[in-house]
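Observations on the three-dimensional arrangement
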Amino acid sequence: MSTKQVYGILKTARLNLEQTSERLHLEEQMFKRLLEPKEKIEITLNPTLSSNKHMQVKAFIVRHRDALGPAKGGIRMSPNVTMDDIQGLSMEMTWKTALIGVPFGGGKSGICFDPSKITAEDKEIIIRSFTRGAMRHIGPEVYVPAPDMGTNETDMGHIRDCLAYSWGKSVTDGCYVTGKPVIIGGILGRKEATGRGVAYTIVAACEKLGLDIKKSRIAVQGFGNVGSIAAMVLSELGAKIIAVSDVTGGVIDEEGINIEHLMNFVKDCGQVYGYPSAKDCTNEDVLTCNCDILVPAATQSVITSDIANEIKAKLVAEGANSPTTPDADEILDKKKIFIIPDILCNSGGVFVSYLEYTQETQREQMTLEEVNSRLNNRIVSRFNDVYNYSKLNNLTMRQAAMDMAVSRVVEATYAMGALP
Ligand code: GLU
């Protein structure tokens, strides 16, 4: 019988914090404070769908820490999402916002429903039902949601409308949600920001590792909002994308895949698998193929110890949240594979969410050039900080990123004093 551990997001997040806490010699009471979220809310929604069908849908909101500012983090909509997942993801958000240097804490929400199985009309009903149920917990000084897996800018538009409409106002008073459509207060480039940020950190890593981005062969696992944009930006920079996958399977071509063509194919057919100009393969083939750079940009815990043993890439850029299990992490480290950890690699989304948050108060629209250049400057400078810290202290990139992020949250917590 196998004694292999099964790692979920929460277990991985707690283990990462435990190790960080030991390295930083945190006081026991501080470690305990960071380990537990401030608030966990479970809501039962009872929407009536367009067919008149009554539904019962569970939803979760977790605010992990808010020492640096209001809780920030997306809404995950998936049939299997659990309170534990949301708790683990909210912890990740606390470190992510601290590391990229925006005045937010960590939060996350989840809606247990399969968004691929409903019409746009019914999704709107569920999103509005969630908004009404969660309204007391959302606000510019409390928790500011955004898109995550299974939700998008259309949903954020409905949230913004549902709030304003309930109050009889045309707009919300301040930023209640980010990732909205640009026409109603969203920011240019937010949709692409996470994928762009992933690409920018890869370019920065290539410089340090002496890899030529133009000669590099890249595999991208996950072709949603993050993976497809990262692949597009990297191919525009001259890299060869040799393998791509989504939930339906993958495609591989040593000569390089034309990402624009593949995007059009996916738009028409709804999936990567079956793309006629490349060879079909499995998701696992994409993760373990002979490439220089691997971008896991799909979901959590996909790089297990078995997969890690087979990975041939020199660089792994974590576009998804928590894609690598702790035992796989050790294997990758032993194999001297350079990792750009999730809390750094995919922080472009929340960074541009912060720009949207400031834009909304000022009622002034930033240009796409400004957004992209601020994103590039910030994420590359944070990448360099983490890289230098890791070299100076003989740590992995993940350890360095965690130490830097947790230290900031600890400092803010002490700065506020002991009162509850
Ligand atoms: N869901 C994204 C993340 O995991 C973005 C969160 C946000 O913009 O608040 O980082």
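The present account deals with the structure reproduced in this document. Owing to the predicted nature of the structure, the values given are computational and were not obtained by experimental measurement.

Moving on to the packing of helix 7 (residues 225-236) against helix 8 (residues 259-269). At a closest axis distance of 9 Å, the pairing of helix 7 and helix 8 adopts a crossing angle of 155°. Of the possible angle classes, the one that applies to helix 7 and helix 8 is roughly antiparallel. Residues S228, I229, A231, M232 and S235 of helix 7 touch helix 8, and the partners they reach there are I259, E260 and M263. Of the residues in the contact of helix 7 with helix 8, the class split is five nonpolar, two polar and one charged.

Looking at the secondary structure, you find N290 in the loop between helix 9 (283-288) and strand 11 (293-296). Residues N290 and K314, 24 residues apart in the sequence, show an inter-C-alpha distance of 10.0 Å. When near neighbours in sequence (up to four residues on either side) are disregarded, N290 contacts R217, I242 and K312.

Pairing between the strands of a sheet comes from backbone hydrogen bonds, and it takes one of two forms, parallel or antiparallel. One open sheet accounts for seven strands, arranged 10-9-8-7-11-12-13; its pairing is mixed. Both outer strands of the open sheet, strand 10 (279-281) and strand 13 (338-340), are each paired with one neighbouring strand and no more. Adjacent strand axes in the sheet meet at a mean angle of 20° when their direction is disregarded. Relative to strand 11, strand 7 (residues 217-221) runs parallel, the two being bridged by four bridges. Looking at the pairing, I218 lines up with I293 of strand 11.

Let us now look at the packing of aromatic side chains. In this description, an aromatic ring pair is defined by two values, namely the gap between the centres and the angle between the planes. What the rule picks out here adds up to seven aromatic pairs. Geometrically, the ring pair formed by F265 and Y275 is edge-to-face, given 5.5 Å between the ring centres and 65° between the ring planes. Placement of the pair is F265 in helix 8 and Y275 in the loop between helix 8 and strand 10, with a sequence separation of 10 residues. On the basis of relative accessibility, which here comes to 16%, the residue F265 falls in the buried class. Aromatic rings pair up to connect F104, Y354 and Y357 into one cluster.

Here we come to the pattern of salt bridges. Counted by the stated rule, this structure contains 24 salt bridges. For R14, the salt bridge goes to E36, with nearest N and O atoms at 3.4 Å. You can see R14 sitting in helix 1 (residues 9-24) and its partner E36 sitting in the loop between helix 2 (28-35) and strand 1 (39-45), a full 22 residues away along the chain. For R14, a relative accessible area of 25% translates into the label partly exposed.

Grouped together as the largest cluster of nonpolar side chains are 64 residues, with contacts concentrated most on L34, W95, I202, V295, L315, I340 and F383. For this core, the leading source of residues is helix 15 (residues 397-416), giving eight residues. Setting aside residues no more than four positions away along its own chain, I340 makes contact with T201, I202, A205, L315, V316, A317, E318, C345 and F383. L45, I75, I118 and I126 belong to the second largest nonpolar core, which has 25 residues in total.

Looking at the element boundaries, K72 is found in strand 3 (residues 71-72). One buried charged residue, K72, remains without a salt bridge, the closest side chain of opposite sign being E356 at 7.6 Å. Looking at K72, its side chain comes within polar contact range of the main-chain oxygen of P145, at 3.3 Å. Only 2.8 Å separates the side chain of K72 from the side chain of T178, close enough to count as a polar contact.

Turning next to the site of the ligand. Around the ligand, the surrounding shell holds 14 residues, and the nearest of these are K72, K96, P147, D148 and S353. In this structure, P147 approaches the ligand through a main-chain N or O atom, which is 2.9 Å from a nitrogen atom. For the ligand, a nitrogen atom lies 2.8 Å from a polar atom in the side chain of D148. Of all the elements in the fold, those that place two or more residues in the shell around the ligand are helix 3 (83-100) and helix 13 (348-362). The element that contributes the greatest number of residues to the shell around the ligand is helix 13, accounting for three residues. Class assignment of the residues belonging to the shell around the ligand gives a composition of four nonpolar, five polar and five charged.

Using the criterion set out here, one finds zero disulfides in the structure. C281 supplies the cysteine sulfur nearest to C269, a cysteine that is in no disulfide, at a spacing of 17 Å. Judged by relative accessible area, which is 44%, C269 ranks as partly exposed. The thiol sulfur of C345 is not disulfide-bonded, and the nearest other cysteine sulfur, from C206, lies at 12 Å. Relative accessible area serves as the criterion here: at 0%, C345 is assigned to the buried category.

Moving on, we get to helix 5 (residues 153-166). In this model helix 5 runs 20 Å from its N-terminal to its C-terminal C-alpha over 14 residues, within 8% of the 20 Å that 1.5 Å per residue would give. Listed in full, the buried residues belonging to helix 5 are D155, M156, G157, H158, I159, R160, C162, L163 and A164. Count one or two residues on from helix 5 and you reach G168, which has phi positive near 70°.

Thresholds, definitions, all that
- Residues numbered from 1 in each chain as written.
- Predicted model: local features only at pLDDT ≥ 70, side-chain atom pairs only at ≥ 80, totals over all residues.
- Heavy atoms only, no water.
- Axes fitted to C-alpha atoms, helices over the stretch in contact; angles between N-to-C directions.
- Helix = DSSP H or I, 4+ residues; strand = E, 2+ residues; numbered from the N terminus.
- Parallel < 35°, antiparallel > 145°, perpendicular 65-115°, else oblique.
- Contact = heavy atoms within 4.5 Å.
- Nonpolar A, V, L, I, M, F, W, Y, C, P; charged D, E, K, R; others polar.
- Pairing = 2+ DSSP bridges.
- Phe/Tyr/Trp six-rings, centres within 6.5 Å; stacked < 30°, edge-to-face > 60°.
- Buried < 20%, exposed > 50% of the residue type's maximum accessible area, 1.4 Å probe, protein only.
- Salt bridge = Lys/Arg side-chain N within 4 Å of Asp/Glu carboxyl O.
- Core = buried A, V, L, I, M, F, W, Y, C linked by side-chain atoms within 4.5 Å.
- Lys, Arg positive; Asp, Glu negative; His and termini not counted.
- Polar contact = N/O pair within 3.5 Å; in protein donor to acceptor, adjacent residues only side chain to side chain.
- Near = heavy atom within 4 Å.
- Disulfide = S-S within 2.5 Å.
- Expected span 1.5 Å × (residues − 1).

The values reported here are purely geometric and, on their own, carry no functional implication.
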